[in-house]
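# Geometric and topological summary
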Amino acid sequence: MIKVKKRRVLLLPGDGIGPEVIAEVKKVINWFNDKKSLDFEIDEDLVGGISFDKHGTPLTDEVFYKALESAVIMLGAVGGPKWDGVEFSKKPERALLKLRKELKLFANLRPAICFEQLVNASTLKPEIVSGLDILIVRELTGGVYFGEPRGIKPIENGERKGVNTHTYTSSEIIRVARVAFDLAKKRSNRVISCEKSNVMEAGQLWKEEVQSLHDKDYKDVELSHMLADNCAMQLVRNPKQFDVILTDNLFGDMLSDEASMLTGSLGLLPSASLGAKNKDGEMRAMYEPIHGSAPDIAGKGVANPIASILSFAMALRYSLDLDKEAEALEKAVQEALNDGLRTKDIMSDKMKEVSTSQMGDAIISKLQ
């Protein structure tokens, strides 16, 4: 069995703006090594479209085994129009799905926090989003993205049929629900579980298993259920009613992107994908900004590195048990914003526009 190396950080910049934002994370890691003697072992390799261009596959076996040995994987972004014509099994995004599935990263944590300094960057009224702090817990290795049977096949009359199967087992639901309940205890102690139990049997099972786990082990946590389409509406109507949102792979993908835009920019929000701890307490995990590869701005030095840097703060907290360092990094981001520094995506009147690297340098200067 391949052992996790406790201080190994694997950087997978990927495509588009991925290399630019991960470069700023690398600077932060080096600062912690130089100034705090934290001895992180950094490795870096290819993933996604750039890996396909060089190796003919979006994820080589060598990189996959590096991931197996790493306590923290920092991913930039994968994909872009350049690879639209690539065979489905070799598309850049397949690397991401393989890492999630094979590393058993079943719980995806996506915070949606509206920074006080950026309230006016949201498209919603300030009073709707001010103070917003939501955590979405998304199941990541089941559901319609992985269910079988799947595929496209010819049928009669010259037509074709596309099939994807939405499937969940009790154990898959229970393990991610347990993560949501445990995290809620450290927050406002409220969980809203979202599914489509009114029209989907898998949604009915989801609702029943979450309720059963709550009644058995988490009676002290407030639990309510909401249909996923209603949740989407409520997120733009009254988002501050939510604390922890628990949901499946498909709905979590959609709801977390919607929640992210309440905050003003996809460039601000991190995510963590966590696996189960083994008997030694070791856990594999991957951290990434929730924005895409944004090929239209790649190479221009205007990408926002905050989401990637905050993703590393999540890594410090969840994978490396360095809560104090995580808080320091999060505070440094806030202080850089307090100074009026803004990348292009969050720029507003009377603020100072800075490049990707300038924002990274400013955050590091606040760590001093």
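Whatever comes next refers back to the structure up there.
Summarised in this report is the structure supplied together with it. Each chain has its residues counted from 1, running along the sequence as written. Where totals are concerned, whole chains, interfaces and linings use all residues; where local detail is concerned, this predicted model gives features only for residues with pLDDT of at least 70, and gives and counts side-chain atom pairs only at 80 or more. Hydrogens and waters are ignored; side-chain quantities use all the structure's heavy atoms.

## A closer look at the overall build of the protein
Under the convention used in this document: The way it works is that DSSP assigns letters per residue, a run of H or I at least four long becomes a helix, a run of E at least two long becomes a strand, and they are numbered from the N terminus. For this measure, only C-alpha atoms enter the radius of gyration; the expected value for a globule follows 2.2 Å times N^0.38, where N is the number of residues. Type-normalised accessible area, obtained with a 1.4 Å probe on protein chains alone, sets the label of each residue: buried when under 20%, exposed when over 50%, and partly exposed for intermediate values. In what follows, residue pairs with any heavy atoms lying within 4.5 Å of each other are defined as contacts. Accessible areas in this description were obtained via Shrake-Rupley with a 1.4 Å probe; residue shielding takes into account the shown protein chains only. The convention is simple: Lys and Arg are positive, Asp and Glu are negative, and His and the chain ends are not counted. A single reference atom marks each charge: NZ on Lys, CZ on Arg, CG on Asp, CD on Glu.
The number of helices and strands found in the protein is 12 helices and 14 strands. Since a compact globule built from 368 residues should have a radius of gyration of about 21 Å, the 20 Å found for the protein is in line with a globular shape. Per-residue burial over the protein gives 53% buried out of 368 residues. Sequence-distant contacts in the protein: of pairs separated by 6 or more residues, those separated by 24 or more amount to 74%. Here the protein has roughly 16600 Å² of accessible surface; of this, 50% comes from carbon and sulfur atoms. Of note, the protein has its 50 positive side-chain charges centred 2 Å away from the centre of its 55 negative side-chain charges.

## Notes on the packing of aromatic side chains
In this description, an aromatic ring pair is defined by two values, namely the gap between the centres and the angle between the planes. Note the cut-off: Ring pairs are drawn from Phe, Tyr and Trp, using the six-membered ring of Trp, whenever the two centres fall within 6.5 Å, and their geometry is named by plane angle: stacked under 30 degrees, edge-to-face over 60, tilted for the rest. As a reminder, the over-ring test applies to NZ of lysine and CZ of arginine, requiring each to be within 6 Å of the ring centre and within 35 degrees of the ring normal.
According to the stated counting rule, one finds six aromatic pairs in the structure shown. Centroid distance Phe40 to Phe312: 5.9 Å. Interplanar angle 80°. Geometry classified as edge-to-face. With Phe40 in the loop between helix H1 (18–36) and strand S2 (41–44) and Phe312 in helix H10 (residues 306–318), this residue pair connects regions lying 272 residues apart in the sequence. Phe312 gets classed as buried once you look at its relative accessible area, which sits at 0%. Ring pairs connect the aromatic residues Trp31, Phe32, Phe40 and Phe312, which therefore count as one cluster. Directly above the aromatic system of Phe64 lies the positively charged group of Lys98, at a separation of 5.0 Å from the ring centroid. Directly above the ring of Phe146 sits Lys101, whose terminal nitrogen or CZ lies 4.9 Å from the centroid.

## A word on the packing of H10 against helix H11 (residues 323–338)
Note the threshold: Geometry is summarised by axes, namely lines fitted to C-alpha atoms with helices restricted to the contacting stretch, and by angles between N-to-C directions that run from 0 to 180 degrees. For this classification, under 35 degrees means roughly parallel, over 145 means roughly antiparallel, 65 to 115 means roughly perpendicular, and everything else is oblique. The crossing is said to be left-handed when, going from far helix to near helix, the turn is anticlockwise and less than a right angle, and right-handed when the turn is clockwise. By the convention adopted, Pro, Cys, Tyr, Trp, Phe, Met, Ile, Leu, Val and Ala count as nonpolar, Lys, Arg, Asp and Glu as charged, and the other residues, Gly among them, as polar.
Contact geometry of H10 with H11 gives a least axis separation of 7 Å together with a crossing angle of 160°. The angle between H10 and H11 places the two elements in the roughly antiparallel class. The crossing of H10 and H11 is left-handed. Where H10 abuts H11, its residues Ile306, Ile309, Leu310, Phe312, Ala313, Leu316 and Arg317 lie against Asp323, Glu325, Ala326, Glu327, Leu329, Glu330, Val333 and Leu337. Of the residues assigned to the contact of H10 with H11, the class counts are 10 nonpolar, no polar and five charged.

## Structural notes on the pairing of strand S7 (residues 160–163)
Filter applied, for reference: Strand pairing requires that DSSP identify at least two bridges connecting the strands.
Across four bridges, the pairing between strand S6 (residues 151–154) and S7 is antiparallel. Note on S7: the bridge partner recorded for Lys153 is Lys161. Counting the residues between successive antiparallel strands, the hairpin from S6 to S7 contains five residues, one of them, Asn157, with a positive phi of roughly 65°.

## Focus: the nonpolar core
Our working definition: Definition used in this section: a nonpolar core is a set of buried Ala, Val, Leu, Ile, Met, Phe, Trp, Tyr and Cys residues joined via side-chain atoms within 4.5 Å.
Among the nonpolar cores identified, the biggest contains 93 residues, and Phe32, Phe40, Met74, Val137, Phe312 and Leu329 are the most heavily contacted of them. Excluding anything up to four places from it in sequence, Val137 contacts Asn108, Leu109, Val176, Val179, Ala180, Leu183, Val244, Ile245, Leu246 and Thr247. Counting 17 residues, the second largest nonpolar core, distinct from the first, contains Val47, Leu59, Leu99 and Leu105.

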